[in-house]
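Listed below, chain by chain, are the residues.
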Amino acid sequence: MRDTLVLNASFEPLSTVSLNRAVVLVLQDKAVVEQAHPDLRMRGAAIDLPVPRVIRLLRFVRVPFRRQAPWSRRGVLVRDRHKCAYCGRRATTVDHVVPRSQGGGDTWLNTVASCSTDNHRKADRTPEQAGMPLLFQPYVPTPTDAMLLALSAEGRDGLPEWLPQLPQPAAA
Ligand SMILES: [Zn+2]
């Protein structure tokens, strides 16, 4: 099954998402189906939906990352959902995994969101040196990551519990 194209509320193409993700966005009333597969529907106990090829977000989303996602402190906090990479509590600072004093740079892969307590505690040490393992690995956000992060920032996080039971598309 092909991915679904996502348009911003302004009809500007944003990215593609998996079919499951597209259906979730529609069911969460975050997007409408602009174009559906002519012959397929998703059918389940509680849902009967056209299979979306193109969906459009109902609210304009200001995507915090461009295609060539430039590194920024704010971008790191958004990517990590303001969660400290060391303790999981709310993060307000950005920590260099390999400290700048040891040659670590301002890059997506070398920075994580951190609470100020852990940032101070870790100081000029690597996670190994400080005995502070990362709860998650930093990554370079794609445009799709950026869009989904921007969407989840304004709604509830996570996927509905029934998602694993989402039926496969079948011929109508
Ligand atoms: Zn922390």
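Residues numbered from 1 in each chain as written. Predicted model: local features only at pLDDT ≥ 70, side-chain atom pairs only at ≥ 80, totals over all residues.

Some remarks on the overall build of the protein chain
- Counting its regular elements, the protein chain contains 5 helices and 7 strands.
- Counting helices and strands in the order they occur from the N terminus, the protein chain gives β-β-α-β-β-α-β-β-α-α-α-β.
- The buried share of the protein chain, reckoned over its 172 residues, is 24%.
- The contacts in the protein chain between residues at least 6 apart in sequence include a share of 62% that link residues at least 24 apart. (Helix = DSSP H or I, 4+ residues; strand = E, 2+ residues; numbered from the N terminus. Buried ≥ 20, exposed ≤ 12 C-beta atoms within 10 Å, placed from the backbone. Contact = placed C-beta atoms within 7 Å.)

Details of helix H1 (residues 19–27)
- Buried within H1 we find Leu 19, Ala 22, Val 23, Leu 25 and Val 26. One side of H1 holds all its buried residues, which, seen down the axis, span an arc of 160°.
- Structurally, H1 contributes buried residues whose contacts are with strand E1 (4–7), strand E2 (13–17), strand E3 (31–43) and strand E4 (48–57).
- Downstream of H1 by a residue or two, Asp 29 has a phi angle that is positive, lying close to 60°. (Arc of directions from axis to C-beta.)

A look at the nonpolar core
- Val 6, Ala 22, Val 26, Ile 55 and Met 147 are the most contacted members of the largest nonpolar core, which totals 18 residues.
- Here this core takes 5 residues from H1, the largest share from any one element.
- Val 76, Ala 85, Ala 91 and Val 112 belong to the second largest nonpolar core, which has 10 residues in total. (Core = buried A, V, L, I, M, F, W, Y, C linked by C-beta atoms within 7 Å.)

Section: the environment of Thr 117
- Structurally, Thr 117 is set in helix H3 (residues 116–122).
- For Thr 117, a count of 13 C-beta atoms within 10 Å translates into the label partly exposed.

Notes on the confidence of the model for the protein chain
- Summarising the model, the protein chain shows a mean pLDDT of 83, and 82% of its residues fall at 70 or more.
- Confidence drops under a pLDDT of 50 for residues 155–167, and excluding neighbours within four residues, the segment shows 14 contacts in the predicted structure. (pLDDT = per-residue confidence, 0-100.)

Describing the pairing of E2
- Pairing geometry for E1 and E2, over 4 bridges, is antiparallel. Among the inter-strand pairings, Leu 7 is bridged to a residue of E2, identified as Pro 13.
- Linking E1 to E2, which pair antiparallel, is a turn of 5 residues; within it Phe 11 sits at a positive phi near 75°. (Pairing = 2+ DSSP bridges.)

Observations concerning the pairing of strand E6 (residues 111–114)
- Here E6 shows a buried face lined by Thr 111 and Ala 113 and a second buried face lined by Val 112 and Ser 114.
- Inspection of the sheet shows strand E5 (residues 93–96) paired to E6 by 4 bridges, in the antiparallel sense. When the sheet's bridge partners are listed, Val 94 is paired in E6 with Ala 113.

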